[in-house]
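Residue-level listing of the chains:
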Amino acid sequence: MESIVNFRELGGYRLPNGLVVRHGKLFRGGSLENASEHDIELLRKWQITYVFDFRTMYETKRHPDKMLMGASRIWLPTFDESAETMAKTVLPLEAYCDLGGWLVVNAKRAEVQKLASQMYLDMVHNEYTQLQYAAFLQTIVNSNGGAIYWHCSQGKDRTGLGAAYLLAALGADRQTIMDDYRASADCYAEELNRYIQLVDSDEEKDVLQTFISVNTKYFSEALDSIDQKYGSMEAFLRDVLCLTDADKLALRKAYLENAF
């Protein structure tokens, strides 16, 4: 891709059941705000059926996606914007005018460090967010094997959690899920290195990793918390995200194939 940040597909991932994810079907990345004609043409070539946008209303209004002809756009904001702003569980809007610079100045603050450490846990256990991801998975189940693109702004956190749930539904193990999440670090390595040398403590570096790149420690803790609270990811998918055995079978028939 020329201009869609952090773009990749899940195709080719090998699963413990001996199957692999089909190529050309499941794509993830950043917003389509700056998508070039070349990138849009590639998405058309793959015959994308649905584009899921996990961003807030503020983000979508300020940075609207370019339209993709032939694809249905589904807006599923995974943050309850008004509630989380009131509860101060998200960064203030002014932080995003110069995120790296704002974090360098504010990463030492205890409340910012708490936001970083709790971000994935809040996403996993927030009921509003759970409903949005349940709708995401159910729409894919009902897409009859269509090609899917899902994104947030940077294509790493909200998008990464969507990928984690989808991969788990397809039968992927924890290692595959974490490897997919970790791959976003390559995209943001240069930006992270530019800012991380400007802070001193491990806590400040964790903040920068979380908001600029990816933080595997915090993401893994959030997945662990699913096992602790619900017994397993499988139980979480069934009891919280409302994914039935028939739904999982439909997903696997549509998006998996034999490795050989």
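Everything that follows concerns the structure shown earlier in this document.
Parameters and conventions
- Residues numbered from 1 in each chain as written.
- Predicted model: local features only at pLDDT ≥ 70, side-chain atom pairs only at ≥ 80, totals over all residues.
- Heavy atoms only, no water.
- Phe/Tyr/Trp six-rings, centres within 6.5 Å; stacked < 30°, edge-to-face > 60°.
- Helix = DSSP H or I, 4+ residues; strand = E, 2+ residues; numbered from the N terminus.
- Buried < 20%, exposed > 50% of the residue type's maximum accessible area, 1.4 Å probe, protein only.
- Axes fitted to C-alpha atoms, helices over the stretch in contact; angles between N-to-C directions.
- Parallel < 35°, antiparallel > 145°, perpendicular 65-115°, else oblique.
- Left-handed = near helix turned anticlockwise from the far one by under 90°.
- Contact = heavy atoms within 4.5 Å.
- Nonpolar A, V, L, I, M, F, W, Y, C, P; charged D, E, K, R; others polar.
- Core = buried A, V, L, I, M, F, W, Y, C linked by side-chain atoms within 4.5 Å.
- Disulfide = S-S within 2.5 Å.
- Pairing = 2+ DSSP bridges.
- Arc of directions from axis to C-beta.

Student: Lay out the packing of aromatic side chains with the relevant residues and their values.
Tutor: Counted by the stated rule, this structure contains 15 aromatic pairs. Their ring planes at 90° and their centres at 5.2 Å tell us that Tyr120 and Phe219 sit as a pair that is edge-to-face. Of this pair, Tyr120 sits in helix α5 (residues 110-125) while Phe219 sits in helix α11 (residues 216-230), placing them 99 residues apart in sequence. In this structure Tyr120 comes out as buried when scored by relative accessible area, which is 2%. When its relative accessible area of 1% is taken as the criterion, Phe219 is described as buried. In textbook terms, an aromatic cluster arises when at least three aromatic residues are bridged by ring pairs, as seen for Tyr50, Phe52, Phe54, Tyr133, Phe136, Trp150, Tyr165, Tyr230 and Phe236.

Student: Give me the lowdown on the packing of helix α6 (residues 127-141) against helix α13 (residues 245-255), citing residues and values where you can.
Tutor: Two numbers describe how α6 lies on α13: the axes approach to 9 Å, and their chain directions differ by 55°. With respect to their mutual orientation, α6 and α13 come out oblique. Considering the relative orientation of α6 and α13, their crossing is left-handed. Along the contact surface, α6 presents Gln138, Ile140 and Val141, while α13 presents Asp247, Ala250, Leu251 and Tyr255. Class assignment for the residues of the contact of α6 with α13 results in 5 nonpolar, 1 polar and 1 charged.

Student: Which residues make up the nonpolar core, and what values do they have?
Tutor: Buried together is how nonpolar side chains tend to be arranged in soluble globular proteins. Membership of the largest hydrophobic core comes to 69 residues, with the highest contact counts inside it found for Trp150 and Tyr165. The element contributing the most residues to this core is helix α7 (residues 158-170), with 9 residues. Among all residues touching Trp150, those that are not within four sequence positions of it are Leu10, Leu26, Phe27, Arg28, Gly29, Phe52, Phe54, Phe136, Thr159, Gly162, Ala163 and Leu166. Ranked by size, the runner-up nonpolar core spans 13 residues in total, among them Ile4, Ala35, Ile40 and Ile48.

Student: Tell me what's going on with the state of the cysteines, and back it up with residues and numbers.
Tutor: Between two cysteines, a covalent bond joining their sulfur atoms is known as a disulfide. Across all of its chains, the model carries 0 disulfides by this definition. Take Cys152: it sits in no disulfide, and the sulfur closest to it among the cysteines is that of Cys187, at 11 Å. For Cys152, a relative accessible area of 2% puts it in the buried group.

Student: Provide a residue-level description of the sheet that holds strand β4 (residues 48-53), including the pertinent values.
Tutor: Taken together, 5 strands build an open sheet; the order of strands is β1-β3-β6-β4-β5 and the sheet is mixed. Looking along the sheet, the strands with just one partner apiece sit at the ends: β1 (8-9) and β5 (72-75). As defined by bridge partners, strand β3 (residues 26-29) adjoins strand β6 (residues 147-151) across 4 bridges and the pair is classed as parallel. Paired with Arg28 across the two strands is Trp150, which belongs to β6.

Student: With reference to specific residues and values, describe helix α1 (residues 37-45).
Tutor: Here α1 has its buried residues at Asp39, Ile40 and Leu43. Along the axis of α1, the buried positions cluster into a sector of 100°, meaning they face one direction only. Pointing more than 90 degrees away from the buried face of α1 are the exposed residues Glu37 and Lys45. If you follow the buried residues of α1, they end up packed against β4.

Student: Which residues make up the pairing of β6, and what values do they have?
Tutor: Most of β6 is tucked away: 5 of the 5 residues are buried. Covered by surrounding structure in β6 are Ala147, Tyr149 and His151 together with Ile148 and Trp150, the residues of both alternating faces.

Student: Go over the environment of Asp157, please, and point to the residues and values.
Tutor: Mapped onto the fold, Asp157 is located in the loop between β6 and α7. Residue Asp157 is classed as buried on the basis of its relative accessible area, which comes to 10%. For the pair Asp157 and Asn215, spaced 58 residues apart in sequence, the C-alpha to C-alpha distance is 9.4 Å. Sequence-distant contacts of Asp157, that is, excluding residues within four places in its chain, are made with Met119, Tyr120, Met123, Cys152, Tyr181, Thr210 and Ser213.

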